[in-house]
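Descriptive structure summary
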Amino acid sequence: MEIKEQFHVYSDEKHEKKEKERCRFILEDADHILAANYFSYNYGFLYAQAIKDHFKLPCSLPEEEEAREMEFVEIMVKVARYDVPLSLEIWTWCLQQFLPYAQYDDYAGNNLSMKVIDKYYSFPDGYIEKLAHYMEENPESYRDFMVAGSALSNGISRLIAASIREGLYTMAEAFFRKELDKADGQWKEINRLIGCMITDCKSYEGCETMKWFRDRLLPIVKKIDIGMVQDEIPEWEKEIAEYINRVEYNDKYEACKEKAEETKKQHWEERLQKHSVKQAQKRSDIDDKTIYTYCGVLFPFSDRAFSYRTEDDTIQIGDIVIVPVGRENEEMEGKVVSVGKYTRAGVPYSVEKTKFILKKI
């Protein structure tokens, strides 16, 4: 269900006051507030121009003088396709620079937060998980994101589920409670959130994420004294139980579970080496000037594209290709929906882990 953006309606007196405040912000604060230098009276903050002036970018952004030429979410998606860490750094910077002055741009809070999350399907594979870890490692971005925007989100359930999968439980619960607060007793929005959470907790490779949701977040909903919410709880519990039972009796799940236990034992040793390995990899990525071609391949069973590599320069958007899928590398047909060339530092998915397109039909 589409979430409608909140519109601000002012009386004539409030409108006049608002106009004066905006003019004063532009004329009087530009010398000591960066955001005032990138504020358009009619269009709000000019994010693209501010980012161009303060970051070395791997891609082009439009010039903005008086009007906004590109929305903030569009900028984040484009930069992320070249350099995910840089996009996260820019996001944090914009929250810090513009959010404190959101009173001058009625939509700044939502533009800087929920509108980006709602576009999760446009970002490279694994972006949501990287975002969750980035917020965990950078508390200031997490705090700013939590207070930004009042609009309900279609994509926040993806971020919550990713936080659970990555073991970021405190952050997952905080996001969940915040979204319930924004629903403000609207049973349709509460039910939509729970339905999306159940869907996004399903991976068919494990059920720990679903169990944590069942044991820690669903009880919060059970305390909501709204009949239209309470009536759905038995159905939610049934769906969760059926999913868990189905996965637990799956041989593949048992194999994944054993592998996860091994990974867990190695976790602390790997963390000790993480810093030095990360620095060495960063130097290696910078030195590697090889151009890698990545294709986004869409399958009939999925609503998001998966990344594959190719050395065939004839492959174009719209081509039907054969690619290996899953652990067994089953050959399947898919449609190419994007083609991009990247250096190692900007690839959408690890060069070593990305599978190759087998052939073009």
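Look a little higher up for the structure.
Since the structure is predicted, the reported quantities are computational estimates derived from the model, not experimental observations. Numbers given to residues run from 1 along each chain, matching the order in which its sequence is written. With pLDDT at 70 or above as the cut-off, local features in this predicted model cover only qualifying residues; side-chain atom pairs require 80 or more to be listed or tallied, and sums for whole chains, interfaces and linings still use all residues. Processing note: side-chain calculations cover all non-hydrogen atoms of the structure and skip hydrogens and water entirely.

1. With respect to the pattern of salt bridges
Definition used for salt bridges: Asp or Glu carboxyl oxygen within 4 Å of a side-chain nitrogen of Lys or Arg. Per the counting criterion, the structure on display carries 17 salt bridges. Across the salt bridge formed by Glu248 and Lys211, the nearest N and O atoms sit 2.6 Å from each other. In this pair, Glu248 is assigned in helix 15 (residues 233-248) and Lys211 in helix 13 (residues 208-222), connecting sequence segments 37 residues apart. The shortest N-O distance in the salt bridge between Asp319 and Lys360 comes to 4.0 Å. Numbering of helices and strands runs from the N terminus; a helix is a DSSP stretch of H or I covering at least four residues, while a strand is a stretch of E covering at least two.

2. Quick notes on the packing of aromatic side chains
Stacked, tilted and edge-to-face are the three classes applied to pairs of Phe, Tyr and Trp rings, where Trp contributes its six-membered ring and a pair requires centres within 6.5 Å; stacked means planes under 30 degrees apart, edge-to-face means over 60, and tilted covers the rest. The tally for this structure, following the rule as stated, stands at 20 aromatic pairs. A network of ring pairs unites the aromatic residues Phe39, Phe45, Tyr47, Phe55, Phe72, Trp93, Phe98 and Tyr104 as a single cluster.

3. Some thoughts on the packing of helix 4 (residues 72-82) against helix 5 (residues 84-98)
The angle between two axes is taken between their N-to-C directions and runs from 0 to 180 degrees, where each axis is a line fitted to C-alpha atoms and a helix contributes only its stretch in contact. Where helix 4 meets helix 5, the axes come as close as 6 Å, and the angle between the chain directions of the two elements is 150°. Judged on the interaxial angle alone, helix 5 and helix 4 are roughly antiparallel. Seen from helix 4, the contacting residues are Phe72, Met76, Val79, Ala80 and Tyr82; seen from helix 5, they are Val84, Leu86, Ser87, Ile90, Trp91 and Cys94. Under the grouping applied here, Gly and all other residues not named as nonpolar or charged are polar, the nonpolar ones being Ala, Val, Leu, Ile, Met, Phe, Trp, Tyr, Cys and Pro and the charged ones Asp, Glu, Lys and Arg. Counted by class, the contact of helix 4 with helix 5 contains 10 nonpolar, one polar and no charged residues. Each angle receives one of four descriptions, namely roughly parallel if under 35 degrees, roughly antiparallel if over 145, roughly perpendicular if within 65 to 115, and oblique otherwise. Here, residues are in contact when the closest pair of their heavy atoms is within 4.5 Å.

4. Some points on the nonpolar core
Among the buried residues, those of types Ala, Val, Leu, Ile, Met, Phe, Trp, Tyr and Cys that are joined through side-chain atoms within 4.5 Å form a nonpolar core. Three labels apply to residues, based on accessible area from a 1.4 Å probe with only protein chains included: buried if under 20% of the type maximum, exposed if over 50%, partly exposed otherwise in between. If you look at the biggest cluster of nonpolar residues, it comprises 85 residues, and the most contacted ones within it are Trp91, Phe98, Phe175, Phe176 and Phe213. Tallying contributions element by element places helix 5 first for this core, with nine residues. With 10 residues, the next largest nonpolar core counts Cys295, Val297, Phe299 and Val336 among its residues.

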